[in-house]
Amino acid sequence: MSSFKYSSMIPVLLLLLANGLSLVLGATYPNSPDTEPPSQWSSMSTTFPQHCAPFGISIFGLPSNRFPRDKFLHVCNMMAQFLDNDQDGCADDINVVKMIRLNQAGLLLMDVENEADLNNVASSFDESTLFASKVIPSCSGSSETATCKDETIEEALDLIYEYGVSLFYSDEFGQCYDGNLQALSEIQVQMDIARGGHFPTVPTSYPAGAVFHLNEPSCDYDCMTSEFFYYALTSLLGGQDARASYNMDEWEASTAQDLQTKLPQMYSLLTKGVTSMKLIAANGVLPGTGSSAGATATYNPSSQTCSTGCGLDGSGCGVLGNSSGSINHCIYEGTTFAPSPSSTTSPTRPSSTTSSPTRSPVQAPSPTQSSCVDSPQPMRINGKSRTCTWVGRNDRRKDKRCAKTGVRDHCPLTCDGDCSADSKKRFQIGAKFRTCRWVARKNTAKRCQRSGVAETCRSTCS
């Protein structure tokens, strides 16, 4: 009888794997969240054996001797608590989770940038990368200070916003931008107010009185929207209070009171209940606050299962996408899985005649076979941000610097490299470091238009 019972389960388990659901072997939060990865990404396990999937969203980590176990647990529980802020074991907003899974987005946990490791990342896995040195559980949530910051919050929030919130709640939180002022989402209207005008590219200077004035030329309008969401939400929830002075070069509303006073309509947008996410509310909680163990100590769900919604094991959380080609994730804007809560108020939209200061210069055309250019974008070398100017600055050291992994193709003019090849380095796009693999994976034409990308991903953008 027992033999029949277990053998009869095999087809069911195979069906679950075929549909992209992780096979959970006794996974429990917060201390044992480990699962097997979805079958379409199983090849990554050799290089990234640590894997958890809170609510079906994959997080892959290098071995524990390269990405410490305590930090892995913190990241898993951070993602879980963001999505289940009331800690009942069910995702607060199933539609956000479904959208993230449809877009095949997840986190990749590494120690240092290593091309051999990145070569083993599945082409369909749209990863955001976290490095072990930047994961600091004791400085997470509201425990961040001017000198200590856990980047897990920003990376996880960016993923949730870009692939979930902004797509399902596109009228209110949409990130995708096509230049049409009348099609701006509510958050983009509020960002324009915070920046003092509508700037499709970073202006040479912001108007006096601007509250949000991030000066990063490679951060386009979509990117700026994501940064604005991060700053506004974490300020609302007490995550920026101790960093107020540090933030002044970019952001001047680092407390909930400042946000409500300086950007009242943005405060309203975040607190009026547009989504079902308990996190996006005046009483939302940033995971990890007040504990050296971070979110591993602050996420303690009352149940490990969810009978009526989207559970920690991924059940009821929608279909995992299975595309291996290029996807424009903006096509999913407004996709309806269930009725969306309606907005109660609408901010005033800026007119097309909104004044604005001089824009940055128009981006140069893509390089051709006859033109050899170094990438203008900073790259990672031994964990530090370096440019091709730095590589060629000292003739005595140039050859040694050019010989470092990936530098020759990033700086082909300086290092006599292949002028038509993609850079193999992780380089800065906006506030993050990305690879040409990321550029090629989705939204390629749009990503290639970002400042410096065409000169860096020469083959992909040709």
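The model shown is predicted, which means the values in this text are computed figures rather than measured ones. (Residues numbered from 1 in each chain as written. Predicted model: local features only at pLDDT ≥ 70, side-chain atom pairs only at ≥ 80, totals over all residues. Heavy atoms only, no water.)

## Some thoughts on the state of the cysteines
Here comes step 1: Going through the model one piece at a time under the given rule, you end up with 10 disulfides.
Here comes step 2: Across the disulfide, C310 is cross-linked to C317 (sulfur-sulfur distance 1.9 Å). Disulfide C310-C317: torsion about the S-S bond near 95°, hence right-handed.
Here comes step 3: Classification of C310 as buried rests on a relative accessible area of 1%.
Here comes step 4: A sulfur-sulfur distance of 2.0 Å marks the disulfide that ties C402 to C415. Sign of the S-S torsion, about -75° for the bond between C402 and C415, identifies this disulfide as left-handed. Highlighted residues: C402 in helix α15 (residues 395–402) and C415 in helix α17 (residues 412–415), separated in sequence by 13 residues.
Here comes step 5: Since its relative accessible area comes to 3%, C415 is described here as buried. (Disulfide = S-S within 2.5 Å. Buried < 20%, exposed > 50% of the residue type's maximum accessible area, 1.4 Å probe, protein only. Helix = DSSP H or I, 4+ residues; strand = E, 2+ residues; numbered from the N terminus.)

## Quick look at the pattern of salt bridges
Here comes step 1: In total, this model carries 10 salt bridges according to the counting rule given.
Here comes step 2: Between R69 and D34 there is a salt bridge; the shortest N-O distance is 2.7 Å. Pair noted here: R69 is in helix α3 (residues 69–83) and D34 is in the loop between α2 (10–18) and β1 (50–52), with a separation of 35 residues, a long-range link.
Here comes step 3: Taking the shortest distance from any N to any O, the salt bridge between E154 and K149 comes out at 3.0 Å.
Here comes step 4: Residue class for E154 comes out buried when judged on its relative accessible area of 12%.
Here comes step 5: Beyond isolated ion pairs, a larger network of salt bridges with shared partners links R66, D111 and D117. (Salt bridge = Lys/Arg side-chain N within 4 Å of Asp/Glu carboxyl O.)

## A short note on the pairing of strand β4 (residues 126–131)
Here comes step 1: In terms of burial, β4 is largely enclosed, as six of its six residues are buried.
Here comes step 2: Two strands pair when backbone bridges link them, and strand β3 (residues 105–110) and β4 are joined in this way by six bridges, in the parallel orientation. In the sheet register, L108 faces β4, and the bridge partner there is T129. (Pairing = 2+ DSSP bridges.)

## Description of the sheet that holds β3
Strand pairing in a sheet is mediated by backbone hydrogen bonds. Such pairs are either parallel or antiparallel.
Here comes step 1: Pairing in this open sheet of four strands is mixed, and the strands run β1-β2-β3-β4 from one edge to the other. The sheet is open, and its two edges are formed by β1 and β4, each paired on a single side. Within this sheet the neighbouring strands show an average axis-to-axis angle of 20°, counted without direction.
Here comes step 2: Across the sheet, α3 touches β1, β2 (59–61), β3 and β4, and the angle it forms with β1 is around 20°. (Axes fitted to C-alpha atoms, helices over the stretch in contact; angles between N-to-C directions. Contact = heavy atoms within 4.5 Å.)

## So, the pairing of β3
For a regular strand, side chains alternate in direction, first toward one face of the sheet and then toward the other.
Here comes step 1: Counting buried positions along β3 gives six out of six residues, so the element sits mostly inside the fold.
Here comes step 2: Covered by surrounding structure in β3 are A105, L107 and L109 together with G106, L108 and M110, the residues of both alternating faces.
Here comes step 3: Sheet topology note: the β2/β3 ladder contains three bridges and is parallel. Note that in β3 the partner of I59 across the bridge is L107.

## Thoughts on the packing of helix α8 (residues 186–195) against helix α9 (residues 221–236)
Packed helix pairs are specified by the crossing angle of their axes together with the interaxial distance, meaning the distance between the axes.
Here comes step 1: Between α8 and α9, the least distance of the axes is 10 Å, while the angle of their chain directions is 85°. Taken together, the axes of α8 and α9 are roughly perpendicular relative to one another. Each of I187, Q188, Q190, M191, D192, A194 and R195 in α8 lies in contact with α9, whose residues at this interface are Y221, M224, T225, F228 and F229.
Here comes step 2: A per-class count over the contact of α8 with α9 returns seven nonpolar, three polar and two charged. (Parallel < 35°, antiparallel > 145°, perpendicular 65-115°, else oblique. Nonpolar A, V, L, I, M, F, W, Y, C, P; charged D, E, K, R; others polar.)

## So, the packing of aromatic side chains
Here comes step 1: Applying the stated criterion across every chain, the model contains 15 aromatic pairs.
Here comes step 2: When the ring of Y177 is compared with that of Y221, the centres are 4.1 Å apart and the planes differ by 35°; the resulting orientation is tilted. Here Y221 lies in helix α9 and Y177 lies in the loop between α7 (170–173) and α8, a separation of 44 residues in the sequence.
Here comes step 3: What makes Y177 buried here is its relative accessible area of 15%.
Here comes step 4: Between the aromatic rings of Y230 and Y231, the centroid separation amounts to 5.5 Å while the plane-to-plane angle is 50°, which identifies the pairing as tilted.
Here comes step 5: Look at Y230 and you get buried, because its relative accessible area is 2%.
Here comes step 6: On the basis of relative accessibility, which here comes to 8%, the residue Y231 falls in the buried class. (Phe/Tyr/Trp six-rings, centres within 6.5 Å; stacked < 30°, edge-to-face > 60°.)

## Structural notes on the packing of helix α4 (residues 94–102) against helix α6 (residues 152–168)
Here comes step 1: Put simply, α4 and α6 touch, their axes get as near as 8 Å, and they point 115° apart. The handedness of the crossing between α4 and α6 comes out as right-handed. For the pair formed by α4 and α6, the contact residues are N95, V96, M99 and I100 on the first element and L159, I160, Y163, G164, V165, L167 and F168 on the second. (Left-handed = near helix turned anticlockwise from the far one by under 90°.)

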